[in-house]
Amino acid sequence: MFSYRHAFHAGNHADVLKHTCLIALMKYLTQKDTALTVIDTHAGAGLYRLDGDYTETSGEASEGIFKLILASKLPPSPAARAATPAKKAMPATPAAAASDAAYAWAPALLDYLDLLRGLNPHFAQTGDPAHLKIYPGSPFISQKFLSGRDKLKLFELHPTDFKSLTGNIEQLGVGRQVTVAREDGFEALKTFLPPPARRAMVLCDPSYEMKSDYARVAACMGDAVKRFATGTYVVWYPIIPRPEAHDLPRKLKTLAVKAHRPWLHATLTVKSSKLTTDAEGEVVRPGLPASGMFIINPPHTLKAELNAALPQMVALLGQDRNAGFTLEHGG
Ligand code: SAM
């Protein structure tokens with residue numbers, strides 16, 4: 001426990017998938033007049049430096065957000081877009097995308113890029129990836145969409161990340177609208193459901209550092225749906241060669257079907273999961289090849305958003321012919 005630090009992984013392809021989904025969800029759910037409670041059971045540090053020691057060590061952002069930006073010409077800024085909206089469809093391959101500046105990014109990916117631009121003004125001005133230095137974690141992404149009546153509850157167990165998260169949130173100066181607790185997010189969730197205004201979104205994004213996390217996610221979501229059937233429940237999971245990882249989406253689907261709740265399941269694969277050997281004959285592990293998002297009670301708009309964004313993620317982030325996506329839904 002506690003060897004996982006999200007800073008090593010910030011901005012990787014799994015974050016691109018997760019955070020693009022999160023933005024689409026938050027954008028939709030905060031449009032209504034009734035207060036929304038957002039509960040982030042595994043919050044991380046909130047903000048990450050893409051030029052810091054951790055991210056440089058693993059370089060995972062180079063297979064995620066940096067690849068997304070470098071594999072294509074960036075669409076114009078929001079102000080420029082308002083003046084001359086792009087109309088063309090995005091080319092299918094990164095090479096074609098790179099030679100064509102005017103294609104249309106999927107709205108969800110464009111919102112993700114604009115959020116990064118908002119946090120990195122120098123990057124927004126120049127489009128130079130070298131100036132993309134701050135990467136938002138889920139707490140900062142959710143917070144961006146809140147209005148005065150909404151609440152955000154954050155849980156983080158790691159002592160260092162909890163301290164960073166607390167400091168980062170304090171700097172926002174949003175008072176009690178956002179609370180941070182060093183508690184087990186799986187357990188804490190129970191005390192917040194059902195929420196006062198009966199509207200909630202729960203993001204459950206553990207590190208899966210311990211094998212037991214897979215079973216805890218399924219149990220926690222089952223309990224949450226019983227307590228508050230109409231909440232939107234969002235689970236990220238890694239797709240790795242481990243039976244628990246394959247079972248988790250099946251278990252979530254079963255629980256959604258049994259509870260008669262609609263569900264949506266999206267996966268993004270960027271490369272093969274096979275082990276390879278290097279020039280010296282050493283076995284090389286591929287790193288995380290794929291991940292998935294399982295959403296119970298998704299907004300009706302999410303499928304179309306992801307249908308547009310996922311092929312673009314594959315075109316821009318795919319590393320070999322195993323790259324691809326799936327998108328299924330039911331209920
Ligand atoms: N949701 C974050 C984001 O998208 O920016 C990333 C979270 S990271 C994948 C998982 C985090 O959960 C780690 O920071 C880890 O320390 C924390 N953690 C692990 N077990 C936990 C638990 N039982 N309750 C709360 N946090 C936990």
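Every chain begins its residue count from 1, and numbering advances along the sequence as written. Totals for whole chains, interfaces and linings use every residue, but because this is a predicted model, local features are given only for residues with pLDDT of at least 70 and side-chain atom pairs only at 80 or more, for both listing and counting. Where side-chain values are given, they derive from all heavy atoms of the structure, hydrogens and water being excluded.

**Q** How do you make sense of the site of the ligand when you look at a structure like this?
**A** For each residue, the test is whether any non-hydrogen atom lies within 4 Å of the molecule or strand; if one does, the residue is near. What surrounds the ligand is a group of 21 residues, the closest being His 19, His 42, Ser 138, Glu 156 and Asp 205. Side-chain polar atom of His 19 to an oxygen atom of the ligand: 2.8 Å apart, as the coordinates give it. We define a polar contact as two N or O atoms separated by no more than 3.5 Å, with the added condition that, inside protein, one atom must be a possible hydrogen donor and the other a possible acceptor, whereas residues neighbouring each other in sequence contribute only through side-chain atom pairs. Within the backbone of His 42, an N or O atom sits 2.9 Å from a nitrogen atom of the ligand. Note that accessible areas follow from Shrake-Rupley with a 1.4 Å probe, and for residues the cover is restricted to the protein chains shown. Across the complex, the protein chains shield 97% of the 610 Å² of accessible surface that the ligand would expose by itself. Residues are grouped as follows: Ala, Val, Leu, Ile, Met, Phe, Trp, Tyr, Cys and Pro are nonpolar; Asp, Glu, Lys and Arg are charged; all remaining types, including Gly, are polar. Along the lines of polarity and charge, the residues of the shell around the ligand split into five nonpolar, 10 polar and six charged.

**Q** For this particular structure, what's the right way to read the packing of helix 8 (residues 138-145) against helix 9 (residues 159-172)?
**A** For any two helices packed against each other, the geometry comes down to the angle between their axes and how far apart the axes lie. Direction vectors running N to C along helix 8 and helix 9 enclose 20 degrees, while the axes themselves pass 11 Å from each other. One element, helix 8, and the other, helix 9, form an angle in the roughly parallel class. Crossing handedness for the pair helix 8 and helix 9: right-handed. Contacts between helix 8 and helix 9 involve Pro 139, Phe 140 and Gln 143 from the former and Leu 165, Asn 168, Ile 169 and Leu 172 from the latter. Among the residues forming the contact of helix 8 with helix 9, the class breakdown is five nonpolar, two polar and no charged. Every angle, taken between N-to-C directions, lies between 0 and 180 degrees, and every axis is a line fitted to C-alpha atoms, over only the stretch in contact when it is a helix. A run of H or I in DSSP becomes a helix once it reaches four residues, and a run of E becomes a strand once it reaches two; helices and strands are each numbered from the N terminus. Any angle that is under 35 degrees is reported as roughly parallel, and any over 145 degrees as roughly antiparallel; angles of 65 to 115 degrees are reported as roughly perpendicular and all others as oblique. Helix crossings fall into two classes, left-handed where the near helix is turned counterclockwise from the far one by less than a right angle and right-handed where it is turned clockwise. Contacts are assigned to residue pairs that have any heavy atoms within 4.5 Å of one another.

**Q** Looking at this structure, how should I read the pairing of strand 11 (residues 290-296)?
**A** Counting buried positions along strand 11 gives seven out of seven residues, so the element sits mostly inside the fold. The cut-offs for exposure are 20% and 50% of the maximum accessible area for each residue type, with area from a 1.4 Å probe on protein chains only; residues under the lower value are buried, those over the upper are exposed, and the others partly exposed. The alternating pattern of strand 11 places Ala 290, Gly 292, Phe 294 and Ile 296 on one face and Ser 291, Met 293 and Ile 295 on the opposite face, and all of these are buried. Only when DSSP finds a minimum of two bridges between them are two strands counted as paired. Looking at chain direction, strand 7 (residues 232-239) and strand 11 are connected through seven bridges and run antiparallel. From the neighbouring strand, Pro 238 faces strand 11, where its bridge partner is Ser 291. Across seven bridges, the pairing between strand 8 (residues 263-269) and strand 11 is antiparallel. Pairing of His 265 across the sheet is with Phe 294, part of strand 11.

**Q** How should I be thinking about the nonpolar core in this particular structure?
**A** Proteins that are soluble and globular tend to have nonpolar side chains buried together. To define a nonpolar core, start from buried Ala, Val, Leu, Ile, Met, Phe, Trp, Tyr and Cys residues and group those joined through side-chain atoms within 4.5 Å. Counting 94 residues, the largest nonpolar core has Ile 65, Leu 68, Tyr 112, Met 221, Tyr 233 and Leu 248 as its most contacted members. When residues of this core are assigned to their parent elements, the largest contribution, 11 residues, is made by helix 1 (residues 13-29). The residues contacting Tyr 112, other than those within four sequence positions of it, are Asp 15, Val 16, His 19, Thr 20, Ile 23, Ile 65, Leu 68 and Tyr 135.

**Q** Is there a simple way to think about unusual backbone geometry in this case?
**A** For residues other than glycine, phi is negative in most cases, and the peptide bonds are mostly trans. In this chain, Leu 193 is followed by Pro 194 through a cis amide linkage whose omega measures 0 degrees. With respect to the helices and strands, Pro 194 occurs in the loop between helix 10 (185-189) and strand 6 (200-204). Even without glycine at this site, Tyr 208 takes up a positive phi of about 55 degrees. When you line up the elements, Tyr 208 lands in the loop between strand 6 and helix 11 (212-227).

**Q** Help me understand the pairing of strand 5 (residues 178-181) in this model?
**A** A regular strand carries its side chains on alternate faces of the sheet. Pairing geometry for strand 4 (residues 151-155) and strand 5, over four bridges, is parallel. When the bridges of strand 5 are listed, Leu 152 appears paired with Val 178. A crossover links strand 4 with its parallel partner strand 5, the connecting element being helix 9, and its sense is right-handed. Here the term right-handed applies to a crossover when the path leading from its first strand over the helix to its second strand runs clockwise, the strands being oriented away from the viewer.

**Q** Any chance you could explain the sheet that holds strand 4 here in plain terms?
**A** Where strands meet in a sheet, backbone hydrogen bonds hold them as pairs that are either parallel or antiparallel. Sheet architecture is open: eight strands sit in the order 5-4-1-6-7-11-8-12, paired in mixed fashion. The open sheet has two free edges, formed respectively by strand 5 and strand 12 (324-330), since each of these has just one partner strand. In this sheet, neighbouring strand axes are inclined to one another by 10 degrees on average, regardless of whether the strands run parallel or antiparallel. Across the sheet, helix 1 lies against strand 1 (37-40), strand 6, strand 7, strand 8 and strand 11, angled at about 20 degrees from strand 11, the strand it touches most. On the sheet, helix 11 packs against strand 6, strand 7 and strand 11 and is oriented at approximately 170 degrees with respect to strand 7.

**Q** Which parts of the structure should I look at to understand the packing of aromatic side chains?
**A** How two aromatic rings sit relative to each other is set out by the distance from centre to centre and by the angle between their planes. For Phe, Tyr and Trp, rings pair up if their centres lie within 6.5 Å, where Trp contributes its six-membered ring, and each pair is then called stacked (planes under 30 degrees apart), edge-to-face (over 60) or tilted (otherwise). Counting across every chain of the model gives four aromatic pairs. The interplanar angle of 10 degrees and the centroid separation of 5.6 Å between the aromatic rings of Trp 263 and Phe 294 together place this pair among those described as stacked. Residue Trp 263 is located in strand 8, and its partner Phe 294 is located in strand 11; the two are separated by 31 residues in the primary sequence. The class of Trp 263 is buried, set by a relative accessible area of 7%. Counting every residue linked through ring pairs, the aromatic cluster contains Tyr 208, Tyr 214 and Trp 236. The ring of Trp 236 carries the charged tip of Lys 18 above its face, separated from the ring centre by 5.6 Å. A ring is scored as having a charge over it whenever the NZ atom of a lysine or the CZ atom of an arginine sits within 6 Å of its centre and within 35 degrees of its normal.

**Q** Before we go on, may I ask you to explain the side chain of Asn 12 in this structure?
**A** When you line up the elements, Asn 12 lands in the segment before helix 1. Here Glu 60 takes part through its side chain, which lies 2.8 Å from a polar atom of the side chain of Asn 12. The contact partners of Asn 12, leaving out residues within four places of it in the chain, are Glu 60, Ala 61 and Gly 64.

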